[in-house]
Amino acid sequence: MPNRFCAICGKILGDTDPHFGMCLKCYLKENPLFELPTKISFNICIDCGNFSKKDNWIEPERNEFFSIIEQALQNFLLRSYLKKNSISFSISFDKDTFKYSSKDLLISLEVLISGVLKEDSNIKHKQVISVDLNHTLCKNCTNLRGGTYYISVIQLRVKDEEHFNLIKQALDEIHKHVDGLFDKDPRQYISKIEDQKYGVDLYLSTNEIMNYLVKFLKAKYHFLIKRTKKLVGRDNQKGKNLYRFKTLIKFLPVRISDVISFEDQNYSVETITKNKVILRGENNTKLIKDYSYFFNEKITKKN
Ligand SMILES: [Zn+2]
Ligand SMILES: [Zn+2]
């Protein structure tokens, strides 16, 4: 077989160079494995590390500064390539290019993005990208710092529409209670109340008010309670993590002296303790059930 030559550089082509009449080197120059914009800028929240290009803030999986930059580049630059999953990328930071603001925040740098075709490691490409970082506050942290938002949430729920009156009653009592509280301490207030399918969500200005209301409700109602907390940021001035607390309250759908029936038997509700309901059957049998039983089972009210 006669020799074939690279159409670009004239090198003799071997069997491993069947790239449209070009040697691999020239082929890759003409057809780079990937092409990225040479410049990018994005926002990083000073308080929580979330990042964004515009208004859509993304929570990083790992909240470490250079890992955040990497995740932002993956999101904003490499996303379509990563979806195809045919190239493996690595990102490295060139320390010599780091520029800092007067406040010592890293504001620009150059990163080297290298990619190798997974199918054929001979096919690779590198590109230098200059990155501008805009240190700012995300919406959430702006609100948190401003103190005009909410720190905690109480979710009041009933089992079904039949028990909506419980929500209404509890809300009335909460309003009266909070009004009294507000006079003494203006930091304690309900930011907003949102209707939900089986109840309402109360957005509260502080954690104390949440605990206060839970205690207040506990004295008057029986309910299942579930507390959760979520890390939403960091108060750098005070040097502590900021959490958003949530309390789910599911009102027990039975009251003392209710007559209910399930499994073809009638029972009257004799006593309700902190977490159990004591029932008395028609034939004087005594049954003790957890609160959760009344949410999971089909129970009919007789009176
Ligand atoms: Zn060539
Ligand atoms: Zn933030």
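Shown above is the structure to which this text applies.
Residues numbered from 1 in each chain as written. Chains lettered and ligands numbered in written order. Predicted model: local features only at pLDDT ≥ 70, side-chain atom pairs only at ≥ 80, totals over all residues. Heavy atoms only, no water.

K.L.:
What exactly am I supposed to notice about the nonpolar core here?
P.N.:
Within soluble globular proteins, side chains that are nonpolar generally end up buried alongside one another. Counting residues in each nonpolar core, the largest one holds 35 residues, and the members touching the most others are Phe 42, Leu 73, Ile 113 and Val 131. Among the elements that make up this core, the one with the highest residue count is strand E6 (residues 106–117) (five residues). Each of domain 1 (1–31) and domain 2 (39–141) accounts for three or more of the residues forming this core. Excluding its chain neighbours within four sequence positions, the residues that come into contact with Leu 73 are Ile 40, Phe 42, Leu 78, Ile 91, Val 111 and Val 131. Core analysis: the second largest hydrophobic core is formed by 24 residues, Leu 166, Val 178, Ile 190 and Phe 216 among them. (Core = buried A, V, L, I, M, F, W, Y, C linked by side-chain atoms within 4.5 Å. Buried < 20%, exposed > 50% of the residue type's maximum accessible area, 1.4 Å probe, protein only. Helix = DSSP H or I, 4+ residues; strand = E, 2+ residues; numbered from the N terminus. Domains from an automatic or database assignment. Contact = heavy atoms within 4.5 Å.)

K.L.:
Could you clarify how one ought to interpret the coordination of the zinc ion (ligand 1) in this entry?
P.N.:
For a metal with four donors in a tetrahedral arrangement, the ideal angle between donors is 109.5 degrees, while six donors in an octahedron ideally sit at 90 or 180 degrees. Here the zinc ion (ligand 1) is held by the protein donor atoms Cys 6 (SG), Cys 9 (SG), Cys 23 (SG) and Cys 26 (SG), which lie 2.3 to 2.4 Å from it. Coordination at the zinc ion (ligand 1) is tetrahedral: its four donor atoms span angles of 101 to 118 degrees at the metal. We note that the donor set of the zinc ion (ligand 1) lies within a single chain, spaced as C-x2-C-x13-C-x2-C. Here Cys 6 is found in the loop between strand E1 (4–5) and strand E2 (12–13), whereas its partner Cys 26 is found in helix H1 (residues 24–30), with 20 residues between them in sequence. (Donors = N, O, S within 2.8 Å, 3.2 Å for Na, K, Ca; no water. Tetrahedral: all angles 85-135°; square planar, octahedral: opposite > 155°, others 65-115°.)

K.L.:
I would appreciate a short explanation of the sheet that holds strand E16 (residues 286–290) in the present structure.
P.N.:
Working definition: the strands of a sheet are paired by backbone hydrogen bonds and lie parallel or antiparallel to each other. Strand order in this open sheet of five strands is E16-E15-E14-E13-E17, and the pairing throughout is antiparallel. Unpaired on one side and paired on the other, E16 and strand E17 (300–301) mark the two borders of the sheet. By the bridge criterion, five bridges tie strand E15 (residues 276–281) to E16 in an arrangement that is antiparallel. Across the sheet, Leu 279 pairs through a bridge with Leu 287, a residue of E16. (Pairing = 2+ DSSP bridges.)

K.L.:
I tried to follow the sheet that holds strand E9 (residues 190–196) on my own but got confused; where do I start?
P.N.:
The five strands lie next to each other as E9-E10-E8-E12-E11, forming an open sheet whose pairing is mixed. This sheet does not close on itself; its edge strands, each paired only once, are E9 and strand E11 (223–235). Mean inter-strand twist for the sheet, computed between neighbouring axes without regard to direction, equals 15 degrees. Sheet topology note: the strand E8 (residues 152–157)/strand E12 (residues 240–251) ladder contains six bridges and is parallel. Along E12, the bridge assignment pairs Leu 156 with Ile 249. (Axes fitted to C-alpha atoms, helices over the stretch in contact; angles between N-to-C directions.)

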